[in-house]
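Residue-level structural notes
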Amino acid sequence: MTETADRAAVPGPDAPGRTGASGRPGRRTPARALFRRLFLLNGLVFTVGTLVLALSPATVSSPVLLTEIPVLTVGLALILAVNALLLRASLAPLDALTTLMRRVDLLRTGDRLVDAGNGDLTNLIETFNAMLDRLEAERSASSAHALAAQEGERQRIARELHDEIGQSLTVVLLGLKRAVDRAPAELREELHAVQETLRESLDDVGRVARRLRPDVLTDLGLLSALNALATEFSQVSGVPVVRRSTPDLPALSAEKELVIYRIAQESLTNVARHARAGRVELSLRAGAGAVVLRVADDGLGEVRQEGAGIRGMRERALLIGARLTITAAPGAGTEVRLTVPAAGPAERGA
């Protein structure tokens, strides 16, 4: 037989009869490890029980005497109790794993099962935690793409509103002004009313365009954008906004500033729609290595279920590694708090 044939006859590292890293039948899988653990526990219990019975002065007659039945019953009960305690301790992490599976939410990251030295279940715990890490990373990446596409669409619509519809309404408004100047006296009052309606429509178009594309955020900065947002909110809703901001905020990236602005915008929108508040507080302050946005109202304080708006806020917070908490107290109002980590060296250099 040739040397090539001899080499082919020797099983390699991935051969079926050997333990490899590619999931071969010879590999010790978690199921086999758990089976082995339970088998050894049961075997240990029954072995100890047999030794105790063999070394003890107790005897068993044939047929069994009535006085021996209590001894056998107590011995069986002890064996079953010890076996149950050992199995309960070995399988306890499965209950914690089931509980975590029920409450896990990819929008609330960091919820993991702690490995407390559970033997062969360590592999199961580590695999489940790794799966959560992977799912959260994939969710964050997909949310980033979706939100980037959403921002791009917002800018496109805002540009069209400003450049096309806004300019067209402006041309119509100027033509209507000339018509009013040359119109008979009996028609001027009616034309003035149409002119005011058209001017209000033009203002509405500009306001929608600014909400879709906050140019003030790019031109004047985050604090000016939040002040403009609060002013517009008060004008539309009639609810006063108390502003408390720190002027010397740490450096933030453009992405973080946009997330802070959008979450403040969505929070104020929710106040106008659902809170029935008489007062709103908007603050942006520097904390310990972070910037904290706080939007609090004195409204109903009811958040029955998280809709698309709140879930969108959580997705935006995840994109920049921020922590979003929403606290609602019935009759005392709702508080939205966003804690954004301060910019690192790479962001400051940008």
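Predicted model only: the values in this text are computed from it and were never measured. (Residues numbered from 1 in each chain as written. Predicted model: local features only at pLDDT ≥ 70, side-chain atom pairs only at ≥ 80, totals over all residues. Heavy atoms only, no water.)

Considerations on the pairing of strand β5 (residues 333–341)
When a strand is regular, its side chains alternate between the sheet's two faces. As judged from the 7 bridges shared by strand β3 (residues 290–297) and β5, these two strands associate in the antiparallel manner. From the neighbouring strand, A296 faces β5, where its bridge partner is E335. Taken together, the 7 bridges between strand β4 (residues 323–329) and β5 define a ladder with antiparallel strand orientation. Residue pairing for β5: T325 is matched across the bridge by R337. The antiparallel pairing of β4 with β5 creates a hairpin that spans 3 residues between the two strands, and G331 there sits at a positive phi of about 85 degrees. (Pairing = 2+ DSSP bridges. Helix = DSSP H or I, 4+ residues; strand = E, 2+ residues; numbered from the N terminus.)

What about helix α9 (residues 308–319)?
Because an α-helix completes one turn every 3.6 residues, residues spaced three or four positions apart along the sequence face the same direction. Along its 12 residues, α9 runs 17 Å from first to last C-alpha, staying within 8% of the 16 Å computed at 1.5 Å per residue. When α9 is considered as a whole, its buried residues turn out to be I310, M313, R314, E315, R316 and A317. As for α9, its buried residues are in contact with α4 (122–182), α8 (254–275), β4 and β5. One or two residues past the end of α9 sits G321, with phi positive at roughly 70 degrees. (Expected span 1.5 Å × (residues − 1). Buried < 20%, exposed > 50% of the residue type's maximum accessible area, 1.4 Å probe, protein only. Contact = heavy atoms within 4.5 Å.)

Comments concerning the sheet that holds strand β1 (residues 241–245)
Read across the open sheet, the 5 strands follow the order β1-β2-β3-β5-β4; overall the sheet is mixed. Each edge of the open sheet is held by one strand with a lone partner, namely β1 and β4. Strand-to-strand, the axes of this sheet are offset by a mean angle of 10 degrees, without reference to chain direction. Direction of pairing for strand β2 (residues 280–286) relative to β3: antiparallel, over a ladder of 7 bridges. Considered in β3, the bridge of V280 is made with D297. Sitting on the sheet, α8 touches β2, β3, β4 and β5, and the angle it makes with β3 is about 10 degrees. Sitting on the sheet, α9 touches β4 and β5, and the angle it makes with β4 is about 150 degrees. (Axes fitted to C-alpha atoms, helices over the stretch in contact; angles between N-to-C directions.)

So, the nonpolar core
If you look at the biggest cluster of nonpolar residues, it comprises 33 residues, and the most contacted ones within it are L222, I260, I263, V280, L282, L293 and L338. For this core, the secondary structure elements donating two or more residues are α7 (222–237), α8, β2, β3, α9 and β5. When residues in this core are grouped by element, the largest group, 8 residues, is from α8. Leave out the neighbours within four places in its chain, and L338 touches I260, I263, V291, V292, L293, A317, A322, R323 and L324. With 11 residues, the next largest nonpolar core counts A158, L169, V180 and V205 among its residues. (Core = buried A, V, L, I, M, F, W, Y, C linked by side-chain atoms within 4.5 Å.)

With respect to the layout of surface pockets
Approximately 520 Å³ is the volume found for the largest pocket. Taken together, 24 residues form the lining of the largest pocket, with N270, H274, E302, V303 and I310 sitting closest to its centre. The set of elements that each furnish at least two residues to the lining of the largest pocket consists of α8, β3, α9 and β5. Tallying contributions element by element places α8 first for the lining of the largest pocket, with 7 residues. Partitioned by chemical class, the residues of the lining of the largest pocket number 10 nonpolar, 8 polar and 6 charged. (1 Å grid on protein atoms, 1.4 Å probe; cavity = no way out; pocket = protein on both sides within 12 Å on 5 of 7 lines; lining within 4 Å. Points joined across faces, edges and corners; volume = space filled by probe spheres on them. Nonpolar A, V, L, I, M, F, W, Y, C, P; charged D, E, K, R; others polar.)

Concerning the side chain of R294
Among the secondary structure elements, R294 is positioned in strand β3. At 2.6 Å, the side chain of R294 forms a polar contact with the side chain of E335. Not counting the four nearest positions on each side in its chain, R294 is found in contact with E281, L282, S283, E335, V336 and R337. (Polar contact = N/O pair within 3.5 Å; in protein donor to acceptor, adjacent residues only side chain to side chain.)

Quick notes on the packing of helix α5 (residues 185–212) against α8
Axis separation between α5 and α8 bottoms out at 11 Å; the angle between their running directions is 130 degrees. Looking at the two axes, α5 sits oblique to α8. Here R210, R211 and L212 of α5 lie close against α8, whose contacting residues are Y261, R262, Q265 and T269. Along the lines of polarity and charge, the residues of the contact of α5 with α8 split into 2 nonpolar, 2 polar and 3 charged. (Parallel < 35°, antiparallel > 145°, perpendicular 65-115°, else oblique.)

Overview of the pairing of β3
In terms of burial, β3 is largely enclosed, as 8 of its 8 residues are buried. Taking every second residue as pointing to the same face, both faces of β3 are buried, with A290, V292, R294 and A296 on one and V291, L293, V295 and D297 on the other. Joining the antiparallel neighbours β2 and β3 is a turn of 3 residues, in which G289 adopts a positive phi near 70 degrees.

Let's talk about helix α3 (residues 69–103)
The end-to-end C-alpha separation of α3 is 49 Å, in line with the 51 Å expected for 35 residues at 1.5 Å each. Listed in full, the buried residues belonging to α3 are N83, S90, P93, L97 and L100.

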